[in-house]
Amino acid sequence: MLILPALIMGAVVTVARKAWLAFGCLLALNPLGFHFAGGVVDYFRGAPSLWFTGLPRIESFNLDRTSRCFRAGGGCLVFGNEWVSLCPHNAALRLTALVFGPPTKSYDGPYPTEEEAKALTTGATATPLRVLQEGNVTVDGQTIFLGIELITQIVEGLQLSSLRPPDRSLCNSPVQATLHQERCLLLRLSEEDTFSSGSADRAKDILVFLDMKTKRPFAYFRIKGSIFPRFPPAGYLPERDLS
């Protein structure tokens, strides 16, 4: 915490003496300035991430709604000095995104809230299990191909056992999809308690937001259930998949 009063004192002294070179070095070479500059560089690389600490949930890695930056976590161990790197880095990303717009490799389309997505998918046409296992979803009577690899990655990553290919016992697939503003594909996957115990923890209901241009997910929202992985099974950038 002594960084802050030291910076303020140094800034006052250098400005009072009109030592502009020393003032610039003070701003650029201190730890806060160094990480701020790193955030700016990260933004212009096209796929920046806002940093966070603490034990994550699957929603923790959702694309930031305002800056459209991705998210990256440092794990559950917190030492108390993370603010020195996190705060200036994240501030730089939010500022550059405000000035220059969404990062070039990020999703820039409509981004409904969880409540809006729940309302939009409620009552949507269900996708037959056979169609889903072929890598497709049904939207308003039309079939949209997402790919067998992506569907398998999501289903297995979310531990939805009733949707896995070996299980063909379901007559109606608990998968609903709808297209929001022609760009955001909302996929809702649900599963009742397969152990017939009626446990609300084992029942699952989750929303997956996908970009129609790239056919990649950028957000997950858990509506019901607690048995989920803490990391998304598939991300917007395949090379950044965390599971």
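Rules of the game
- Along each chain, the written sequence defines residue order, and numbers are assigned to residues from 1.
- Only residues with pLDDT of 70 or above have their local features reported here, since the model is predicted, and side-chain atom pairs are shown and tallied only from 80 upward, although totals for entire chains, interfaces and linings are computed over all residues.
- Based on all heavy atoms of the structure, the side-chain values leave hydrogens and waters out of the count.
- Only buried residues count toward a nonpolar core, which is a set of Ala, Val, Leu, Ile, Met, Phe, Trp, Tyr and Cys residues joined through side-chain atoms within 4.5 Å.
- Burial classes: relative accessible area under 20% of the type maximum marks a residue as buried, over 50% as exposed, and values in between as partly exposed (1.4 Å probe, protein chains only).
- Labels follow the DSSP assignment, with helices taken as runs of H or I lasting at least four residues and strands as runs of E lasting at least two, numbered in each case from the N terminus.
- Only heavy atoms enter the contact rule, under which two residues are in contact if any of them lie within 4.5 Å.
- Here a polar contact means two N or O atoms within 3.5 Å. Within protein one must be a hydrogen donor candidate and the other an acceptor candidate, and residues neighboring in sequence count only if both atoms are side-chain atoms.
- We define a salt bridge as a side-chain nitrogen of Lys or Arg found within 4 Å of a carboxyl oxygen belonging to Asp or Glu.
- Each axis is a line fitted through C-alpha atoms, taken for helices only over the stretch in contact, and angles between the N-to-C directions span 0 to 180 degrees.
- If an angle is under 35 degrees, it is roughly parallel; if it is over 145, roughly antiparallel; if it lies from 65 to 115, roughly perpendicular; otherwise it is oblique.
- Note on convention: near helix rotated counterclockwise from far helix by under a right angle means a left-handed crossing. Clockwise means right-handed.
- Throughout this entry, Asp, Glu, Lys and Arg are counted as charged residues, while Ala, Val, Leu, Ile, Met, Phe, Trp, Tyr, Cys and Pro are counted as nonpolar. The remaining residues, Gly among them, count as polar.
- By definition, no residue in a patch forms a salt bridge, and every one has over 30% relative accessible area; like charges are joined within 9 Å, nonpolar side chains (Val, Leu, Ile, Met, Phe, Trp, Tyr) within 5 Å.
- A 1.4 Å probe and the Shrake-Rupley method give the accessible areas. Residues count as covered only by the protein chains that appear here.

Visitor: An account of the nonpolar core is requested, with residue identities and associated values reported.
Guide: Most often, soluble globular proteins keep nonpolar side chains buried together rather than apart. Counting 25 residues, the largest nonpolar core has V137 and L189 as the members making the most contacts within it. For this core, the secondary-structure elements that each account for two or more residues are helix 6 (129–133), strand 3 (136–139), helix 7 (148–157), strand 5 (175–180), strand 6 (184–191) and strand 7 (204–211). Among the elements that line this core, the one with the most residues is helix 7, at 4 residues. Non-local contacts of V137, meaning those with residues more than four positions away in its chain, are made with T127, L132, Q142, T143, I144, L146, A177, L185 and L187. Counting 15 residues, the second largest nonpolar core, distinct from the first, contains F70, Y111, A219 and L237.

Visitor: Account for the environment of T152, with residues named and values stated.
Guide: Tracing the sequence through the fold places T152 in helix 7. On a C-alpha basis, the gap between T152 and L55 in space is 26 Å, while along the polypeptide they are 97 residues apart. Side-chain polar atoms of T152 contact the backbone oxygen of I148, separated by 2.8 Å.

Visitor: I'd like a description of the side chain of R216, backed by residues and values.
Guide: Relative to the helices and strands, R216 resides in strand 8 (residues 216–224). Take R216: its relative accessible area is 13%, and that puts it in the buried class.

Visitor: For the pattern of salt bridges, give the residues involved together with the corresponding values.
Guide: For the structure shown, the criterion picks out 6 salt bridges. Two residues, K118 and E115, come together in a salt bridge whose shortest N-O distance is 3.6 Å. Taken together, the residues span about one helical turn, with K118 and E115 both in helix 5 (residues 114–121) at a distance of 3 residues. For E115, a relative accessible area of 52% puts it in the exposed group. Among the salt bridges present, the one from R188 reaches D205, with a minimum N-O distance of 2.9 Å. Taken together, the residues span a long stretch of sequence, with R188 in strand 6 and D205 in strand 7 at a distance of 17 residues. Overall, R188 belongs to the buried group, its relative accessible area being 12%. Salt bridges linked by common partners bring D64, R71 and R94 together as one network.

Visitor: So, the packing of helix 3 (residues 31–44) against helix 4 (residues 83–100): which residues are in play, and what are the values?
Guide: In contact at an axis separation of 7 Å, helix 3 and helix 4 are set at 40 degrees when each is read in the N-to-C sense. Judged on the interaxial angle alone, helix 4 and helix 3 are oblique. As helix 3 packs across helix 4, the resulting crossing turns out to be right-handed. On helix 4, the residues that touch P31, L32, H35, F36, G38, G39, V40, D42, Y43 and F44 of helix 3 are W83, V84, S85, P88, H89, A91, A92, L93, L95, T96, A97 and F100. For the contact of helix 3 with helix 4, the class distribution of residues is 15 nonpolar, 6 polar and 1 charged.

Visitor: I'd love a proper account of a nonpolar patch on the surface, names of residues and values included.
Guide: A grouping of F36, F44, L95, L98, V99 and F100 is seen on the molecular surface, where their side chains present a nonpolar patch of about 660 Å² in accessible area. Breaking the nonpolar patch down by element, the ones donating at least two residues are helix 3 and helix 4. Looking at which element gives the most residues to the nonpolar patch, the answer is helix 4, with 4 residues. Along the chain, the position of F44 falls in helix 3. Judged by its relative accessible area of 52%, F44 is exposed.

Honestly, that's just the spatial picture; any functional story needs more than this.
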